[in-house]
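Residue-level structural notes
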Amino acid sequence: MNSKTVEPPQTIGILGGGQLGRMIALKAREMGYRIAVLDPTSDSPCGQVADCQVVGAFDDLEAAVELAALSDVLTYEFENISAELTETLSRSHYLPQGTELLRITQNRLREKETAQAAGLQTAPFQFVRNGSDLEDALDAIGLPAVLKTISGGYDGKGQYFIEKRSESADIRKQLTAGPYLLEGYVPFLKELSVIVARSAAGEIRSFPVVENIHREGILAITLAPARVNARVQHAAKTLAAILADHVDLVGLLAVELFLLEDGTLLVNEMAPRPHNSGHCTMQACSTSQFEQHVRAICGLPLGDPFIHTPTVMYNVLGEHLDTVLRCLPHFDGCCKLHLYGKAEAKPKRKMGHLNIIGDSLKTCM
Ligand code: AMP
């Protein structure tokens, strides 16, 4: 695929109208681009801020071709978009991210194998086709372990933590949406992530490493920068750059990591797009993850991801929204609230996030 430069006011077409698409769109519009979006609903978070919307299902090729016809460059904002669809589109339209990385990140087995092929470490894992494979996999991996659906799982969905062998019979009965991956439980010290950008020209920039705190499998808080030493910062950024080269990245790749007591970093998950743990970059860094994504896919030089302001990001879920809105009159200029324009505040639904900035992480917490 030949790379090209997409200049304002050309149009960026986004497959997916969620909050990531919205924040890409807001930044891109600031940079002078026009935005077209494909989403099944007409008032999606991204649709609300786009120049034009195509309403259609994500597997509706006709709707996707309509989006492509309006766009000078195509991108996606979530990795569960059909890889067949992006492949078809990329034969006739400019989709610099390509399809290969989507295929890898849609499947936990491929993801782990890719990390290992790049020379990186992961938790031990075993493929589990169905319930009857589970006992053999438990013999191989040992306990405790985590069983995950190979595809489609996010925010801790489709996961079973197994502590005792006696639990496996019960879990086997619940298994319907195979195949699965059984992973050894990792007694991590911290969960970290690093977002790396790579342009079609091969320029690579890693954002500072951040520290993530999850509740019930969902990201709750991100601390930027992570409270780790310079060696871990450097190792995580280097590891992300190695992965970016290995997969021929164009755009962003978010890499979620487990940090062990001895300093070892294990790759847990990857996402080929802006990531929830990168929302802090909107206030913390010279270039936000959204600007960097636009720069990478449009063939502009990458921005400096230097972190100038310690920032703590709190996710605002449906159950938090009322409280956050009640507190709004008390937020000073250090509390930056970003809301995604979602109509209904359902429990666990990501409605927005709050970036709190300060002189040090302590003042943000
Ligand atoms: P994932 O969907 O793989 O990102 O998992 C969601 C969360 O579950 C992670 O952020 C961790 O907090 C936890 N988790 C996932 N896999 C493991 C593992 N192998 N060992 C320990 N905790 C895990």
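None of these values were measured; they are calculated from a predicted model.

Reading guide: rules and limits
- Residues numbered from 1 in each chain as written.
- Predicted model: local features only at pLDDT ≥ 70, side-chain atom pairs only at ≥ 80, totals over all residues.
- Heavy atoms only, no water.
- Near = heavy atom within 4 Å.
- Polar contact = N/O pair within 3.5 Å; in protein donor to acceptor, adjacent residues only side chain to side chain.
- Areas by Shrake-Rupley, 256 points an atom, 1.4 Å probe, with all protein chains shown as cover.
- Helix = DSSP H or I, 4+ residues; strand = E, 2+ residues; numbered from the N terminus.
- Nonpolar A, V, L, I, M, F, W, Y, C, P; charged D, E, K, R; others polar.
- Pairing = 2+ DSSP bridges.
- Axes fitted to C-alpha atoms, helices over the stretch in contact; angles between N-to-C directions.
- Contact = heavy atoms within 4.5 Å.
- Core = buried A, V, L, I, M, F, W, Y, C linked by side-chain atoms within 4.5 Å.
- Buried < 20%, exposed > 50% of the residue type's maximum accessible area, 1.4 Å probe, protein only.
- Phe/Tyr/Trp six-rings, centres within 6.5 Å; stacked < 30°, edge-to-face > 60°.

Not every one of the 16 residues close to the ligand is listed here, only the nearest: Lys148, Gln159, Val186, Glu191 and Glu269. One of the backbone N or O atoms of Gly184 is found 3.0 Å from a nitrogen atom in the ligand. Surface burial for the ligand is 93%, taken as the share of its 470 Å² of free accessible area covered by protein chains. Only β6 (145-149), β7 (159-162), β8 (180-184), β13 (251-259) and β14 (265-271) provide two or more residues apiece to the shell around the ligand. Classifying every residue of the shell around the ligand gives 6 nonpolar, 4 polar and 6 charged.

So, about the sheet that holds strand β4 (residues 73-76). Within the open sheet, the 4 strands sit side by side as β3-β2-β1-β4. Their pairing is parallel. What marks the edges here is a single partner per strand, and that holds for β3 (52-55) and β4. Here the average twist between neighbouring strands, direction ignored, is 20°. Sheet topology places strand β2 (residues 34-39) next to β3; 4 bridges connect them, and they run parallel. For Leu38, the partnering residue across the bridge sits in β3 and is Val54. The strands that helix α1 (residues 19-30) touches are β1 (11-15) and β2; relative to β1, the one it contacts most, it runs at about 175°. In the packing of helix α10 (residues 289-298) onto the sheet, the strands contacted are β1 and β4, and the crossing angle to β4 comes to about 135°.

Here 4 strands make up an open sheet; going across it, the order is β5-β8-β6-β7 and the pairing antiparallel. Strands at the two margins of the open sheet, each flanked by one partner only, are β5 (125-128) and β7. The mean inter-strand angle of the sheet, taken between neighbouring strand axes irrespective of direction, is 20°. Bridge count for β5 against β8 is 4 bridges, and the pairing is antiparallel. Looking at the pairing, Val128 lines up with Tyr180 of β8. Its contacts with the sheet put helix α5 (residues 108-117) on β5, β6, β7 and β8, and the angle it makes with β5 is roughly 150°. Contacts from helix α6 (residues 131-141) reach β5, β6, β7 and β8, with the element oriented near 175° to β5.

Before going further, it helps to examine the nonpolar core. Residues Leu192, Leu253, Val255, Leu257, Leu265 and Val267 are the most contacted members of the largest nonpolar core, which totals 26 residues. Residue assignment for this core shows that the elements contributing at least two residues are α4 (100-105), β9 (190-198), α8 (230-246), β13 and β14. Looking at this core, the element that brings in the most residues is α8, giving 6 residues. By size, the runner-up hydrophobic cluster in this structure holds 22 residues, among which are Val6, Cys46, Ala50 and Phe290.

A separate point is the packing of aromatic side chains. Scanning the model with the defined rule gives 3 aromatic pairs in all. Look at Phe188 and Phe258: their rings are 4.9 Å apart centre to centre, the planes differ by 5°, and that puts the pair in the stacked class. One end of the pair, Phe188, is in the loop between β8 and β9; the other, Phe258, is in strand β13, with 70 residues separating them in the sequence.

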